[in-house]
Structure formats: structure tokens, C-alpha cells
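# Coordinates in review
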Amino acid sequence: MRLKFPLMAIVLEIAMIVLFALFVEYEMDQTTPQQLNITTSTDMGKFLELYPLFQDVHVMIFVGFGFLMTFLKKYGFSSVGINLLIAALGLQWGTVVQGILHSQGQKITIGIKNMINADFSTATVLISFGAVLGKTSPTQMLIMTIIEIAVFAGNEYLVGEIFKASDIGASMTIHAFGAYFGLAVAGILYRSALRRGHKNEESTYYSDLFAMIGTLFLWMFWPSLTRPIAEPGDKPLASFMFLLLTQVHIQNATLAGGVAVGTCADMAIHPFGSMTLGSIAGAVSVIGYKFLTPLFTTKLGIHDTCGVHNLHGLPGVVGGLAGIAAVALGASNTSVAMQAAALCSSIGTAVVGGLITGLILKLPFWGQPSDQDCYDDSVYWECPQTCFFKGAYIERT
Amino acid sequence: MRLKFPLMAIVLEIAMIVLFALFVEYEMDQTTPQQLNITTSTDMGKFLELYPLFQDVHVMIFVGFGFLMTFLKKYGFSSVGINLLIAALGLQWGTVVQGILHSQGQKITIGIKNMINADFSTATVLISFGAVLGKTSPTQMLIMTIIEIAVFAGNEYLVGEIFKASDIGASMTIHAFGAYFGLAVAGILYRSALRRGHKNEESTYYSDLFAMIGTLFLWMFWPSLTRPIAEPGDKPLASFMFLLLTQVHIQNATLAGGVAVGTCADMAIHPFGSMTLGSIAGAVSVIGYKFLTPLFTTKLGIHDTCGVHNLHGLPGVVGGLAGIAAVALGASNTSVAMQAAALCSSIGTAVVGGLITGLILKLPFWGQPSDQDCYDDSVYWECPQTCFFKGAYIERT
Amino acid sequence: MRLKFPLMAIVLEIAMIVLFALFVEYEMDQTTPQQLNITTSTDMGKFLELYPLFQDVHVMIFVGFGFLMTFLKKYGFSSVGINLLIAALGLQWGTVVQGILHSQGQKITIGIKNMINADFSTATVLISFGAVLGKTSPTQMLIMTIIEIAVFAGNEYLVGEIFKASDIGASMTIHAFGAYFGLAVAGILYRSALRRGHKNEESTYYSDLFAMIGTLFLWMFWPSLTRPIAEPGDKPLASFMFLLLTQVHIQNATLAGGVAVGTCADMAIHPFGSMTLGSIAGAVSVIGYKFLTPLFTTKLGIHDTCGVHNLHGLPGVVGGLAGIAAVALGASNTSVAMQAAALCSSIGTAVVGGLITGLILKLPFWGQPSDQDCYDDSVYWECPQTCFFKGAYIERT
């Protein structure tokens with residue numbers, strides 16, 4: 001482990017540098033000098049317009065997801081640290097994979113928009129990471145990042161380009177996909193010894209407060225998740241309002257509503273519709289936490305550390321179904337069948353991709369922690385002794 | 001309590017959905033298809049311009065106010081959680097109430113600007129929440145939110161539309177109003193048993209560091225509080241500079257300066273004027289913490305948990321007085337009398353509204369915590385035992 | 001101490017107010033009324049464009065640097081608090097000093113751009129603060145702020161106006177300068193009694209998690225450090241992409257890569273070049289932490305609390321050298337000699353300025369803490385007893 005992880009990280013990084021050297025160029029490189037001024041001024045405008053939204057998405061990915069998972073009492077460093085690792089690798093790999101799919105054999109050009117899309121591809125891996133949090137090694141997460149982003153990009157291409165389905169806020173392609181992928185991996189990696197819980201699988205008062213930082217930053221910037229991919233013609237104004245309203249509405253399952261309205265965020269829906277949809281998602285999420293998560297652990301052999309099924313999976317499905325209903329009611333001109341196909345393909349590719357990934361990660365040489373060492377930073381980090389072991393100290397007393 | 005709060009929250013949420021269904025529409029709904037393209041491009045520009053400022057205000061409301069109040073050692077979850085609850089309800093209710101006052105019988109249209117204004121209305125309740133922090137139930141806070149936002153919208157209408165007074169940074173209408181409303185409520189709900197303090201009414205090292213997060217985010221984004229309501233003709237550029245300068249200036253009472261310059265932020269005042277004003281507010285605030293707060297608790301029977309009188313009340317009054325002085329010196333073309341009327345009406349409606357609210361909240365069936373249970377998360381939250389009760393453990397030793 | 005610090009702070013603040021009263025005006029004051037409308041609309045556009053970037057820089061300065069230094073177990077209040085103190089004074093003083101150098105005898109006008117530049121000048125002092133963290137008094141930091149910003153502004157003028165060297169991301173003028181200035185001060189203030197460490201010079205689990213907040217906010221907004229000073233003609237689009245890419249790349253020494261690419265961020269360099277440069281900086285940084293820092297403490301008599309040499313010093317030098325190499329390869333039309341002169345002058349002025357500052361700070365009447373009291377908030381703050389002294393409690397057990 002001490003050698004395997006840095007070795008793999010360095011090899012992957014060199015691979016990324018080679019891929020970028022071969023295939024990637026800055027967006028403006030092609031412009032000839034005389035065109036440069038004109039193009040630049042337009043590009044610059046678009047750039048300045050998108051830059052604050054890009055930073056919002058960045059805050060969600062790095063602070064939001066990172067701190068959301070700090071709730072475990074001894075796993076805060078790993079939550080933030082592995083989150084950063086996944087995101088750093090994912091941003092590069094997502095740029096390449098999405099670039100290949102959309103550039104049709106030409107050089108991949110990178111601009112602010114590609115980087116936002118790469119951030120999105122990274123979000124799916126971070127959602128799946130939540131399902132296996134504390135039970136996997138950083139090396140395993142590097143492998144999951146590589147596979148999941150490739151499958152994600154394929155499904156995204158299918159949904160957007162082939163089915164031409166509407167999923168502007170990514171209820172299906174990011175949230176449902178990420179959750180079911182992670183659940184499939186968690187199912188394969190199930191550790192029956194941890195069925196009744198683990199002494200480290202609990203939070204402390206402060207670790208929960210740190211997690212609140214993540215929750216708030218995710219919640220606040222949620223509407224920024226939609227805009228960048230929307231073109232001016234896509235009624236982005238209404239989508240934003242729609243998302244903002246739903247947000248406002250969520251009191252119990254804070255983030256579930258935002259997930260659920262993703263699919264129909266650009267459809268012609270009345271404010272009260274979005275509020276109702278948010279309420280339903282919140283209720284479904286709470287019920288999921290209360291009844292489904294324990295059932296999954298004990299009956300299905302799927303242990304979902306962060307409860308991503310309730311936060312991303314179920315609300316994502318609710319969002320997908322709401323999209324189908326909205327299309328059926330004429331709120332958008334995509335077809336019902338294609339929306340349904342998009343939902344099925346998102347869940348289907350996620351489950352198949354997750355199962356295969358799980359089997360690969362089960363191979364015994366990726367440095368997975370022993371049952372005893374689960375949910376414990378000190379396996380991978382040099383941890384300060386005070387405060388960290390005070391918990392243990394008090395418990396032992 | 002276990003039943004009353006969710007019941008009330010659900011009823012209020014259904015009421016909000018019904019109100020939105022009846023009265024609210026998206027800003028662009030009225031435009032006919034052929035107008036849509038033109039309107040959209042202009043609207044879109046305005047939207048993109050305001051969106052980053054909206055997010056700044058959002059960060060202040062949710063992270064700033066939320067974490068500012070985490071300083072109590074056992075009340076961090078409630079501070080952030082009830083803050084989120086108030087803000088979520090307040091945003092919806094503020095949209096409706098402000099909409100009714102400004103739409104003159106037409107449908108209320110929501111856009112980014114209304115949402116920013118609704119965020120502002122919410123800020124007053126969060127200020128008042130600081131005065132009664134730890135001594136009230138979430139149910140009581142829902143009721144306070146409903147009443148206070150209605151009174152706030154009335155006073156705001158009076159100050160802006162009838163008196164036509166200048167208060168662009170809201171020293172009077174938000175800060176002084178919120179503080180005196182909260183103090184009036186706190187006066188009515190006074191618990192003489194807690195006069196000499198409470199064992200939980202203290203901070204820990206980490207709870208204070210969490211509070212620093214709130215302080216910094218409030219402080220940094222303070223200038224964003226002004227801009228959105230200012231129209232291009234209002235010299236917003238200078239207002240911003242003005243606020244930024246004052247900020248810079250505040251070293252002791254970090255936030256007081258920002259409060260004080262709110263009223264004259266758009267007036268023609270020299271940079272050094274704003275710095276001096278900020279200094280005065282900071283000094284007044286420090287003196288308030290040192291001498292007034294203890295006096296209020298013991299002599300007046302008003303126990304102000306967060307010291308909102310020093311942070312918002314006094315600097316708000318200083319700001320209002322500075323506004324009167326600036327107008328008298330010819331820095332703006334509003335009238336001295338109207339500025340004075342605005343200050344009096346802000347304090348007057350706040351005190352009357354707060355007293356009535358306090359009397360309603362004193363009714364014995366809102367699940368208020370017993371004296372013993374004040375400042376304690378575990379009344380409303382399932383709290384992790386480790387770290388939380390370690391404090392108690394050490395104390396007992 | 002109890003008297004010296006507030007006295008000095010008040011005197012400095014009055015000095016600032018006087019300086020502003022004499023020399024500073026708002027950017028728009030000169031415009032005559034009839035010109036106002038036109039100028040305002042252009043200015044307003046530029047303002048709205050720069051405002052989000054300004055806020056990003058602000059977040060880096062106050063939250064990023066502030067929380068980055070909270071890792072010490074008993075020095076969190078001082079880290080955030082003195083950081084705020086330095087930044088508040090630095091912003092005002094930087095405005096004046098930079099204004100004098102660039103305004104050629106005319107009144108200094110302040111706008112959003114000056115304030116961003118003043119934020120930058122403040123960053124150098126915060127970097128130097130990291131080298132002496134825990135071993136100096138707030139009074140000493142006020143003096144260092146005054147001297148360092150003056151020297152910084154001189155060197156910046158030299159590099160930009162005289163040498164006309166390229167350093168858009170400030171690898172040399174901010175990072176290397178700040179680090180070597182701080183190291184020189186730390187060298188003069190060396191305490192041989194602390195050579196083998198200090199009982200408070202360690203972190204706790206939570207203090208390290210707070211430091212993660214700082215790291216992430218610094219990391220995310222890093223690209224915003226470049227843009228504001230770049231003019232449209234400077235190819236800012238590519239610079240951004242360049243910085244973003246490098247960022248992505250950094251996994252070990254998270255922030256070092258961003259430092260290193262500062263100098264050539266606006267040069268015509270291929271994406272993979274920036275990724276390679278980031279990797280080198282990361283590696284150099286890690287090696288520095290492992291081998292150089294202990295060597296500096298024991299052999300050179302320079303104790304660098306936060307390891308700013310590894311985070312800012314070395315990567316800054318790498319960035320400066322990369323700039324020279326890039327210019328030699330024809331990536332920019334500045335001269336190799338001038339780039340080299342810029343690097344030398346940045347390090348040279350920093351070391352000389354730092355040595356002089358160190359000698360002044362060594363005078364025995366600035367209230368420096370005794371060896372025993374180093375790294376301890378309770379010398380300057382009223383600290384809550386619980387949780388804070390629990391560390392000590394456990395240790396004693």
C-alpha cells in the first residue's frame with residue numbers, strides 16, 4: 001500500500017500528461033492572428049459570464065462534497081483528501097473522455113465549458129464514493145474514477161445525443177447514475193463482518209458540524225449546476241427560478257429537492273409545481289433514510305455509508321419520473337418514450353458498470369483496509385494524537 | 001413537541017404552495033412568444049449580472065448567519081439548522097408579502113431581484129433570532145418568521161415609498177429593525193431563572209472557531225448587500241467603494257462598521273468619511289458589549305444571547321443618524337425630516353411588532369424548552385455522544 | 001502589551017484616515033455631471049465584471065489564508081484574527097503606497113482594480129506571517145505589514161515598470177518575495193530554546209480539519225489571482241485555462257503548482273507543459289517539507305512555522321526559472337535578462353527588507369511572547385476553557 005498508491009497516482013498522472021500532449025489544445029489556438037481580436041472579445045464575454053458559475057460548481061465539488069462526508073468521527077481527512085484526489089483525476093480524465101466523444105476525431109479544445117462538464121462527470125464519482133466511504137482504499141478510488149467517468153460519458157452521450165432526452169439538471173445522468181453505480185459497487189464489496197456496524201461508524205458533534213459546511217455549500221450553489229450546459233434558447237431563466245424555488249422549499253431532506261427537479265428544470269412548469277415536486281422528493285428521501293437504508297444493509301447486502309440512495313438515487317428517479325410526466329402533459333417537446341429510455345439507460349448502465357467495477361475492485365491487491373481498519377484515517381494519514389484519540393480515550397474509560 | 005413542529009411546518013409549507021399557486025408566476029410568463037427572444041436576451045443579461053450578487057447574499061444568509069451563531073458549545077446544530085428553517089420559510093413568505101405590497105393587485109412575478117429582496121426580509125428574522133437564541137423552540141421561530149416579515153415589509157414600504165427616505169444599505173430597515181424586534185421579543189420571554197447565566201451558555205474553543213467561519217463570510221460579502229436594490233442611477237459604484245472602505249477599517253467590532261454605513265452608502269461622501277463612520281460604529285459596538293449587554297440583562301430584563309443590540313441595533317442607529325447628518329449637510333436630496341421619520345418608524349414598528357410577537361410566543365403550547373434545557377441541541381436533535389458530552393465529562397471530573 | 005497594541009492600532013488607523021483624507025478619491029469623482037452617465041455605464045460594466053473576481057480574491061485572503069494557519073492546536077483564534085488584522089491594515093496601506101507609486105503626483109483614485117491590487121500586496125504579508133506564526137505579537141505584525149508592503153510595492157514597480165518582466169500570476173513578486181521576506185524575519189527572530197519544538201507546536205484532528213477549509217478555498221480560487229491585473233490583450237483566457245489545468249494536476253503538494261505557473265501563465269505554452277510544471281513544483285515542495293525544513297531549523301537557525309518556503313518560496317523560484325526558460329524558448333517577447341533580473345530583485349529586496357524588519361521587530365518593547373507562551377491563543381484572547389484545555393488535560397493524564 002505504502003508504495004502501490006503513489007506509484008499508481010504517478011503513472012496515471014503521466015498518462016494524463018501524455019493524453020493532453022497528444023489530444024488537447026486551448027480553445028483559442030486555432031484562431032488565426034487576424035481573427036484573434038474578434039474571437040477573443042466574444043470568447044472573453046462568454047468566459048467572464050461563465051467564470052462565476054464555474055467557480056460555484058467548483059465550490060460544490062471540492063467544499064460541498066468534500067465536507068459533506070466529514071461526518072464520520074475518524075474519517076475527516078480521508079473524506080476531504082480522497083474527494084480532492086478523485087476530483088483532480090476526474091477533471092483531467094473527464095476532459096479527455098468527453099472530448100473524444102464530442103470532438104469526432106479532431107483535436108480536443110478546452111475552454112471553460114469543457115471544464116464545467118468535466119466537473120459534472122466528477123460529481124458522479126463523488127456520489128458513488130459516498131456509498132463506499134470508509135471501506136475502500138485510495139487506489140481503489142482511482143480505478144473507480146477511471147471506469148465510472150468512461151461509463152458516465154457513454155450514458156450521457158446516449159441520453160443527450162441519441163435519445164435527445166431532456167435532463168438539464170442531471171437528475172438522471174448524474175444523480176441516479178452516480179447513486180446506483182455506487183450501490184452496485186458497495187453490493188459487490190459487501191463485508192458481512194460490518195453488518196452490525198463498526199465502532200468508528202459514528203459521528204461526533206464537531207464532525208457533524210463540519211458536514212454542515214458541506215451541506216450548506218452544496219445547497220446554496222445547487223442552481224449553478226444547471227445553467228452552464230443550457231444554451232440561451234433553453235429558457236435558462238425559468239430553470240433557475242425553478243431550481244431556486246424548489247430549494248427554498250426543502251426543509252427536511254435538504255438536498256433531495258434539488259436533485260428531483262433536475263430533469264424538468266427547463267420545462268414550462270408553474271412555480272407551485274416545482275415546490276410540490278421538491279416536497280415529494282424530500283418526503284421520499286426521509287422515508288428512504290428511515291426504512292430503506294437499514295433494509296438494504298441487512299437484506300440486500302448493500303451497505304451505503306452516506307445513504308446516497310436516499311439523497312441522490314431516489315430523488316433522481318423521482319426527477320426522471322417527473323420529467324416523463326411533464327413531457328406527457330406537454331411541458332416540453334421531447335418524447336415520453338425517449339425520457340423513459342433515458343431513465344432506464346441511466347440506471348441500467350450504472351448498475352452494470354458498478355457491478356463490473358466492484359468485481360475489479362474486489363481483486364485482493366488494491367490495498368483495501370481490513371475490517372478492523374475501516375472508517376479510520378490513521379491507515380492513510382499521519383494523524384495528530386490529541387483530540388483524535390481522545391474519543392477512544394473517553395470510550396475506554 | 002415531537003408532533004407539533006413537523007405538523008406546523010407541513011401546514012405552513014402547504015399554505016405557501018397554495019399561495020404560490022394562486023398569486024405567483026415566473027417573471028417571463030407574460031411575454032408572448034415573438035417577444036420572447038428580445039426580452040430574454042436583455043433579461044438574461046440582467047440575470048447573469050445579478051446572479052453572482054444573489055449568491056453572495058445567499059452565502060451571507062445561510063453560511064454567514066448560520067455559523068455566526070454556532071459559538072455556543074452545545075447549540076451548533078440548532079444554530080445552523082433553525083437558521084436554515086427560518087431562511088427557507090422566510091424566502092417564500094417574503095416573496096409573497098413583498099409581492100403583494102408592490103404588485104398592486106396584479107399577479108406577483110418572481111425573478112432574481114425579488115428573491116434577493118426576499119433574502120433581505122429573511123435577514124431581519126435571523127438578526128432577531130440571535131437575541132432569543134437557545135431559549136425558544138423551532139415552532140416559535142416559525143411563528144416569529146411569519147409575523148416579523150409581514151411587519152418588516154410594511155415598514156420597508158413606509159420608509160421607501162411613503163417617506164422616500166434613503167437607506168440603501170439597510171442600516172435602519174434591516175439592522176436596527178431586526179435588532180429591536182428581537183430585543184422586544186427577548187424582553188417578553190425573559191426567564192429570571194437564567195439571569196445569572198446557564199451552564200450551557202458558554203463557548204468552546206472549536207465552537208468559537210466555527211463562529212469565525214460565519215463572521216468572515218458575513219464580513220466579506222457585506223458590500224453585496226447593497227448593490228442589488230440600487231438602480232444604475234443610484235451611484236452604486238461609489239456605494240460599493242464606500243462599503244468596502246468601511247469594512248477594511250473595522251478591526252475591533254468587525255461587522256459593526258458595515259451596518260453603520262448602510263444608510264448613506266449611496267450618498268456623496270468622501271472615502272475618509274466612511275472610514276471615520278466605520279470607526280465610530282466599531283467603538284460604539286465594543287462599548288455596548290462591555291457595558292450595555294450586562295445592564296440589559298440585569299436591569300431591563302432583556303437577555304440578548306448573541307448581543308444583536310451591539311452588532312446590529314446600535315450601529316444601525318448610528319447609521320440612521322449619520323444618514324440624517326449627511327442629508328443635513330447636503331450629501332443627498334432626501335429630506336432630513338423624512339430620514340428621521342424612517343429611523344423612528346423602523347425602531348417603532350420593530351418594538352411594537354416584537355412585543356406583540358413576544359406575547360403570542362409566550363402562550364404555553366409552542367413547545368418552548370424548560371429553563372434546564374435551554375441552549376441544548378439534544379432537545380431537538382439526535383446528538384452524537386462522543387465529543388459532545390466530553391465537555392460535560394471534563395467538567396464533572 | 002494590553003495597552004501597547006490597541007494604542008498602536010488606533011494610531012495607525014488615524015494615520016490611514018488622514019492619508020485617505022489627503023490623497024484618496026473615488027474613481028468617479030472627477031467626472032462632470034454630463035459625462036457621468038456615459039462613464040458610469042462603462043465603469044459599471046467593468047465593475048460588475050471585476051466584482052466576482054474581487055470577491056474570489058477576498059475569500060482567498062480572509063478565509064483561505066486565515067484558516068490555512070489554524071492547524072496549530074491552540075493558535076486558531078490568533079491565526080484567523082491576526083490574519084484579519086494584517087489584511088485590514090494592509091488593504092488600506094497598500095492602496096496608499098501603490099497609489100503613490102502609480103499616480104505620479106496626482107490624487108489617488110480608488111476603484112475595484114486598486115482594491116484587488118491592494119489585496120495582492122496584503123497576500124505577501126500573510127505569506128511572511130506564516131513563517132513567524134505563533135512566535136510574534138500582533139503589534140510586531142502591524143509593523144511588519146507597514147514595512148513589507150512598502151518594500152513589496154517598490155519591487156513590484158521595479159519588476160513591472162522598469163524591467164518590464166512578465167509575472168502575471170505573481171510567482172516571483174508575491175510568492176517568492178513573501179516567503180523569503182518571512183524567512184529573513186524568522187531567521188533574525190530565531191529562538192534557540194524552541195529548536196527542539198514546543199509543546200503547543202502540534203495540531204489536533206479538528207484544527208487540521210479547519211486548516212483544510214483554508215486549503216480548499218485557496219486552491220479553488222487560485223485562478224482568480226491572475227485575471228484582474230491582466231488586460232484583454234494579455235491573453236487572459238489562455239492564462240486561466242493554464243492555471244486551471246495546473247491546479248487539477250496537483251495531488252501531493254496541493255498548492256505548489258499554482259504558485260509555480262504564475263510567471264508564465266500568460267505565455268504561449270501547451271496544456272501539457274503546464275501540467276508538467278505543476279508536477280515539478282509539487283515534487284519540489286514535498287522534498288522541501290521532508291528534507292529542507294528540518295535542515296533550516298537546525299542548521300540555518302530559521303524556524304519556518306508553516307513551511308512557507310516549501311509552499312511559496314521554492315515553487316515561486318521554480319516559477320521564476322520556468323519563466324526564464326519559457327522566454328528563452330520564445331514563448332513571450334520579454335527578455336531573458338529582464339526575467340532573471342526580476343527573479344533576483346524579488347528575492348534580494350525580500351531578504352534585505354526581511355532582515356531589516358527582523359532587526360526592528362527584535363527591539364524588546366513590542367510585546368513579543370515569551371518562549372513559554374508561544375503558539376498560545378490565551379496570551380491575546382479570552383479563551384473558553386472547555387475543549388481548549390482538554391488537550392492539556394489528556395496530556396497530563
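We now turn to the structure provided with this report. (Residues numbered from 1 in each chain as written. Chains lettered and ligands numbered in written order. Predicted model: local features only at pLDDT ≥ 70, side-chain atom pairs only at ≥ 80, totals over all residues. Heavy atoms only, no water.)

Quick look at the overall build of chain A now. Assigned secondary structure in chain A consists of 13 helices and 2 strands. The burial tally for chain A puts 65% of its 397 residues in the buried class. Sequence separation of at least 24 residues holds for 82% of the intrachain contacts in chain A that already meet a minimum separation of 6. Of the accessible surface of chain A, which amounts to about 13,600 Å², a share of 67% is contributed by carbon and sulfur atoms. (Helix = DSSP H or I, 4+ residues; strand = E, 2+ residues; numbered from the N terminus. Buried < 20%, exposed > 50% of the residue type's maximum accessible area, 1.4 Å probe, protein only. Contact = heavy atoms within 4.5 Å. Areas by Shrake-Rupley, 256 points an atom, 1.4 Å probe, with all protein chains shown as cover.)

Ranked by size, the top nonpolar core spans 284 residues in total, and within it A:Phe217, B:Phe67, B:Ile213, B:Phe217, C:Phe67, C:Ile213 and C:Phe217 carry the most contacts. Among all residues touching C:Phe217, those that are not within four sequence positions of it are A:Val63, A:Phe217, B:Phe217, C:Val59, C:Met60, C:Val63 and C:Gly64. (Core = buried A, V, L, I, M, F, W, Y, C linked by side-chain atoms within 4.5 Å.)

All right, on to helix α7 (residues 205-221) of chain A then. Between its first and last C-alpha, α7(A) extends 25 Å over 17 residues, near the 24 Å set by a 1.5 Å rise per residue. Summarising burial for α7(A): 17 of the 17 residues are buried, a large majority. (Expected span 1.5 Å × (residues − 1).)

Residue and element names in this part refer to chain A. One can describe the packing of helix α4 (residues 112-132) onto helix α5 (residues 138-162) by two numbers: an axis separation of 9 Å at closest approach and a directional angle of 130 degrees. If you check the angle between α4 and α5, you find them oblique. Between α4 and α5 lies a crossing whose hand is right-handed. Contact with α4, carried on its side by Ser 121, Thr 122, Thr 124, Val 125, Ser 128, Phe 129 and Val 132, involves Met 141, Met 144, Thr 145, Glu 148, Ile 149 and Phe 152 of α5 and no other residues of that element. Split by residue class, the contact of α4 with α5 holds 7 nonpolar, 5 polar and 1 charged. (Axes fitted to C-alpha atoms, helices over the stretch in contact; angles between N-to-C directions. Parallel < 35°, antiparallel > 145°, perpendicular 65-115°, else oblique. Left-handed = near helix turned anticlockwise from the far one by under 90°. Nonpolar A, V, L, I, M, F, W, Y, C, P; charged D, E, K, R; others polar.)

Turning our attention to the side chain of A:Thr145. As for its placement among the helices and strands, A:Thr145 is situated in helix α5. Of note is the side chain of A:Thr145, whose polar atom sits 2.6 Å from the backbone oxygen of A:Met141. (Polar contact = N/O pair within 3.5 Å; in protein donor to acceptor, adjacent residues only side chain to side chain.)

The first and last C-alpha atoms of helix α11 (residues 308-328) of chain A sit 29 Å apart over 21 residues, in line with the 30 Å expected at 1.5 Å per residue. Extensive coverage of α11(A) is indicated by the burial of 18 of its 21 residues.

Looking now at the pattern of salt bridges. Residues and elements named next belong to chain A. Under the definition given, this model contains 6 salt bridges over all chains. Across the salt bridge formed by Glu 202 and Lys 73, the nearest N and O atoms sit 3.0 Å from each other. Residue Glu 202 is found in the loop between α6 (171-188) and α7, and its partner Lys 73 is found in the loop between α2 (33-68) and α3 (76-103); the two are separated by 129 residues along the sequence. When its relative accessible area of 7% is taken as the criterion, Lys 73 is described as buried. With its nearest N and O atoms 2.6 Å apart, the salt bridge here joins Arg 191 to Asp 371. Of this pair, Arg 191 sits in the loop between α6 and α7 while Asp 371 sits in the loop between α12 (336-362) and α13 (388-396), and the two are 180 residues apart along the sequence. (Salt bridge = Lys/Arg side-chain N within 4 Å of Asp/Glu carboxyl O.)

Another point: the side chain of A:Asn310. All names here are of chain A. Looking at the element boundaries, Asn 310 is found in helix α11. You can call Asn 310 buried: its relative accessible area is 0%. When near neighbours in sequence (up to four residues on either side) are disregarded, Asn 310 contacts Ser 285, Gly 288, Tyr 289, Thr 293 and Pro 315.

The next point concerns the packing of aromatic side chains. Residues and elements named next belong to chain B. Using the criterion set out here, one finds 30 aromatic pairs over all chains in the structure. For the pair Tyr 205 and Tyr 206, a centre-to-centre distance of 5.9 Å together with 70 degrees between the ring planes defines the contact as edge-to-face. Of the two residues, Tyr 205 and Tyr 206, neither departs from the other in class, the shared state being buried. (Phe/Tyr/Trp six-rings, centres within 6.5 Å; stacked < 30°, edge-to-face > 60°.)

Residue and element names in this part refer to chain A. Mapped onto the secondary structure, Glu 13 falls in helix α1 (residues 4-23). Its relative accessible area of 8% is what places Glu 13 among the buried residues. Along the chain, Glu 13 and Asp 56 lie 43 residues apart, while their C-alpha atoms are 26 Å from each other.

Here we take up the environment of B:Ala118. Residue and element names in this part refer to chain B. Along the chain, Ala 118 falls in helix α4 (residues 112-132). Judged by relative accessible area, Ala 118 falls into the buried class, the value being 0%. Sequence separation between Ala 118 and Gln 98 is 20 residues; the distance between their C-alpha atoms is 7.5 Å. Non-local contacts of Ala 118, meaning those with residues more than four positions away in its chain, are made with Gly 90, Leu 91, Gly 94, Thr 95 and Gln 98.

It is worth spelling out the environment of C:Ala193 at this point. Residue and element names in this part refer to chain C. Position of Ala 193 among the secondary structure elements: in the loop between α6 (171-188) and α7 (205-221). What makes Ala 193 exposed here is its relative accessible area of 56%. As a C-alpha pair, Ala 193 and Ala 179 span 14 residues in sequence and 23 Å in three-dimensional space.

This part is about the packing of α1(A) against α5(A). All names here are of chain A. Viewed as axis vectors pointing N to C, α1 and α5 meet at an angle of 25 degrees, and their least axial separation amounts to 9 Å. Relative to α5, the element α1 is oriented roughly parallel. You can see that α1 and α5 cross each other, and the crossing is left-handed. Across from Phe 5, Met 8, Ala 9, Leu 12 and Met 16 in α1, the residues of α5 making contact are Pro 138, Thr 139, Leu 142, Ile 143 and Ile 146. For the contact of α1 with α5, the class distribution of residues is 9 nonpolar, 1 polar and no charged.

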